[in-house]
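These are the residues of each chain, in order.
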Amino acid sequence: MTAAPASQTTAKDVLAPRTTELEFGGFAGALFISTTVPLTAYYFALGCNDVLGCALSLPVSNTDAFVDYVRENLATSFTDGTAWAFYTGWYLYCVLAWYILPGKWVKGLPLRTGRQLEYKTNALATGLVALAAAVGYIIVYGPASSTILYDHWLGLLSVALVNSIAQALYVYVASFSGHKLLALGGNTGNVVYDWFIGRELNPRIGLFDIKTFNELRPGLILWVLVDASCACWQHTQFGYVSDSMWLVLFFHTWYVVDSLLHEETIFSQMDITTDGFGFMLSVGDLVWVPFTYSLQARYLAFEPVHLGAIGVLAIMAVQLIGYYIFRTANVEKNDFRQGHNPKNLQFMTTSTGRKLLVSGWWGVSRHPNYLGDWLMAWAWCLTCGFGSPIPYFYVVYFAILLVHRQLRDDEACKKKYGADWDTYCKRVPYRIIPYIY
Ligand code: NDP
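The chain is annotated in an unreviewed UniProt entry as Delta(14)-sterol reductase ERG24 of Malassezia brasiliensis. Reading the Pathway (unreviewed entry) entry of the UniProt record for the chain gives the comment "Steroid biosynthesis; zymosterol biosynthesis; zymosterol from lanosterol: step 2/6." Per UniProt, the chain has the following entry under Sequence similarities (unreviewed entry): "Belongs to the ERG4/ERG24 family."

A short note on the domain arrangement of the chain
Considered domain by domain, the chain is made up of domain 1 (16–306) and domain 2 (307–437). Look at where the C-alpha atoms of domain 1 and domain 2 centre, and you get two points 23 Å apart. Contacts between domain 1 and domain 2 engage 36 residues on the former and 34 residues on the latter. Summed over both sides, the interface of domain 1 with domain 2 buries roughly 3100 Å², with 65% coming from carbon and sulfur. Interface area lost by domain 1 to domain 2 is led by Phe-251, Tyr-255 and Met-270, which between them contribute 20%. In this assembly, domain 1 and domain 2 are joined by 5 salt bridges. Of the charged contacts, one joins Arg-408 and Asp-275 as a salt bridge, the two residues approaching to 2.8 Å between their closest N and O atoms. Taken together, the connections running from domain 1 to domain 2 amount to 13 residue pairs in polar contact (both at pLDDT 80 or more).

Some remarks on the state of the cysteines
If you walk through the whole model with that rule in mind, you get 1 disulfide. Each sulfur of the disulfide joining Cys-48 and Cys-54 lies 2.0 Å from the other. Its S-S torsion of about -95° marks the bond between Cys-48 and Cys-54 as left-handed, since a negative value means left-handed. With no disulfide partner, Cys-232 has as its closest neighbouring cysteine sulfur the one in Cys-230, 9.2 Å distant. Sulfur of Cys-381: no disulfide; nearest cysteine sulfur belongs to Cys-384 and is 6.8 Å away. For Cys-381, a relative accessible area of 0% gives the class buried.

Criteria and cut-off values
- Residues numbered from 1 in each chain as written.
- Predicted model: local features only at pLDDT ≥ 70, side-chain atom pairs only at ≥ 80, totals over all residues.
- Heavy atoms only, no water.
- UniProt positions renumbered as here; feature names shortened; annotations may be inferred.
- Domains from an automatic or database assignment.
- Contact = heavy atoms within 4.5 Å.
- Buried area = accessible area lost by both parts, 1.4 Å probe.
- Salt bridge = Lys/Arg side-chain N within 4 Å of Asp/Glu carboxyl O.
- Polar contact = N/O pair within 3.5 Å; in protein donor to acceptor, adjacent residues only side chain to side chain.
- Disulfide = S-S within 2.5 Å.
- Buried < 20%, exposed > 50% of the residue type's maximum accessible area, 1.4 Å probe, protein only.

Written out as structure tokens, the structure is:
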């Protein structure tokens, strides 16, 4: 196929080229993921709780109890007034905080039109105000009055799901008005696939950027609030907060605050630069993150695990090693991409003029940051001991996500850098884990 001469290239070719290569298993994959993501989140809520316990075999070994529980709780979760009121208030707070709280305006990477969007960076302020308010509330009213998120888990999950579907529909429909810049992967013409993957690259209402807002605020911060509610529930039931619960609370809060603190780094991530905003990101941000990433805290709420000093120290060591790799690798690359090289790392120059690091962490594997992230996932799961495999879901799921992401990114880099990428791969042969993968 020959490309149209430059003079014949229309605005439509630049803004809205037709997508021909499908990802995520194409149409069938989009449909599959769109249904299994919410179903999995519901499975954990319905099949891992203080009434039925948390056994992998639950739906089969205790089918009647499971079916009764589902029948009693699932449909009513969509009409849970408290959940609707809380979630609406929470979401409005996040929007209001974006407008009101001070934040630096930062330019994103150049789009393929050459334009650079500006983003208001006040996610950290939004998170800190919310966390301070939550801590204040717990101190004033006590843990027993602070279990609303745990008590209304299913209701909140259902409202968040409705919100994620509504947002995905809104951005899908809005992507057809005016001359919008579409994601290269989101314009197949198939409604289900495009709605899932995201048609428009940067849907906005004025300066309010819907994608980055959802990525870092309403779901991510809510995750920590959900965790805190689990700790309060444990305290209410058992009269203490176990060392394992404190660790989970600490690790998750650390991860979230760290992401908010480094808000600017997301502007160069695949989600922002390449993917459109569709159901995949909206359900991921709003449902998946707060209600499945908090699974360890949910489990520990009714199955307290006592790790003891040695257990705590050992798990802390895994977390620290993971974090060290994760953060230093990301900082090395971000510094380098911003034109700094404080460690004097070696690099190769590609024919595009862009450079690739070949020493430091990026000389150890092609995605050292994923390795650090995955080690942290282990630390979180280990806090739950070995009573049930369900809290280990996170480490398994995260491995799949990271491997899939690595494959997508390597393919994109191969397209970007051609033969130079092959040279880099020869020089740095391991994809994520040195000597293993
Ligand atoms: P990366 O931060 O790994 O960025 C990949 C990009 O880095 C490539 O496309 C390339 O872009 C650039 N790059 C690759 N190799 C080199 C090199 N040797 N030297 C310089 N630049 C290089 O990708 P992600 O956006 O996937 O991940 C960002 C962070 O987010 C990670 O730490 C990850 O663990 C985390 N994450 C967490 C998730 C969660 O749910 N908790 C989900 C997904 C990610 P270019 O050359 O164009 O600059």
